[in-house]
Amino acid sequence: MAGGHIKIDNVSKKFTDLMGGENPAVDRVSLDIRPGEFVCLMGPSGCGKTTLLRIIAGLLEPDSGELFLDEEPIHGPGCERGLVFQDPELFQWMNVEQNVAFGLKARKVYAQQKENVQRYIDMVGLTGFEKALPHHLSGGMQQRTAFARALINQPKVLLLDEPFGALDAFTRVALQERLIDLWKNFGYTAVMVTHDVEEAVVLATKIVVMSDRPATVEKIFDNDLAYPRDRDSSASIALKKDILNVLHLKNGFPNTL
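The structure displayed is predicted, hence computed values, not measured ones.

Participant: Can you explain the sheet that holds strand S1 (residues 6–16)? Please cite residues and give values.
Facilitator: With antiparallel pairing, the four strands of this open sheet are ordered in space as S2-S1-S4-S5. The sheet is open, and its two edges are formed by strand S2 (22–33) and strand S5 (72–73), each paired on a single side. Examined bridge by bridge, strand S4 (residues 64–69) and S5 share two bridges and lie antiparallel to one another. Counted as the bridge partner of Leu69 is Glu72 from S5. Helix H1 (residues 49–57) rests against S1, S2 and S4 of the sheet, and its axis sits at about 120 degrees to S1.

Printed below as a string of structure tokens:
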């Protein structure tokens, strides 16, 4: 699996409210996300980060501007872009094995690739839970299932909308480490929305800080700290402070917005 090159060129998006007024969400955003990068999108709550992620996923069409994946225009969803939400969005009547296999069956390639189902279940650490239904799983295990379901289609790009936001601190740290291992092994390009500054510093090679709504690119931080990253190192703490300063927070505020 090779990571895809995402080019976002002057993209804008607005919505119409119930009174007929215009509500701008994304304003003339341009980004160049190189193959294999891990990019975190940050910004004030409600600024338009998730809207931008959904535009990349093809779930929303921009009002203006263009998006490309490996020089091909993005118009609508595609299996080359996997998407993981904060809520795992599993099919509750399907067990782990069936949820992971769903994409292969939808693409009509299950017969040829069914051996991959167990491989991806093993890869996310769910060996032995193949027949478990979602309501029998913890939140972290459900999210692992969602990762396996997204990755089995071997996407060039993995899009992540606060995938660990609803998890406890211990599970969140464990899944962050698992995500880095998967990213390194597969080489896909990752784009992740997060409100957690420490999470961005631990995971990302590039951190894009966005303005208040409508979202524009306020500053980009390149993060070349070596993996695995020490959350308490002086370099990590310095980068967190720099990001917090751009986010207009004062000293003493928590890292989670």
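Participant: So what about the environment of Lys13? Which residues, and what values?
Facilitator: Here Lys13 shows up in strand S1. By relative accessible area, Lys13 is classed as buried at 13%. It is 33 Å that separates the C-alpha atoms of Lys13 and Gly140, two residues lying 127 residues apart in sequence. Beyond its immediate sequence surroundings of up to four residues, Lys13 is in contact with Pro24, Ala25, Val26, Thr51, Ile55, Glu61, Pro62 and Asp63.

Rules of the game
- Residues numbered from 1 in each chain as written.
- Predicted model: local features only at pLDDT ≥ 70, side-chain atom pairs only at ≥ 80, totals over all residues.
- Heavy atoms only, no water.
- Pairing = 2+ DSSP bridges.
- Helix = DSSP H or I, 4+ residues; strand = E, 2+ residues; numbered from the N terminus.
- Contact = heavy atoms within 4.5 Å.
- Axes fitted to C-alpha atoms, helices over the stretch in contact; angles between N-to-C directions.
- Buried < 20%, exposed > 50% of the residue type's maximum accessible area, 1.4 Å probe, protein only.

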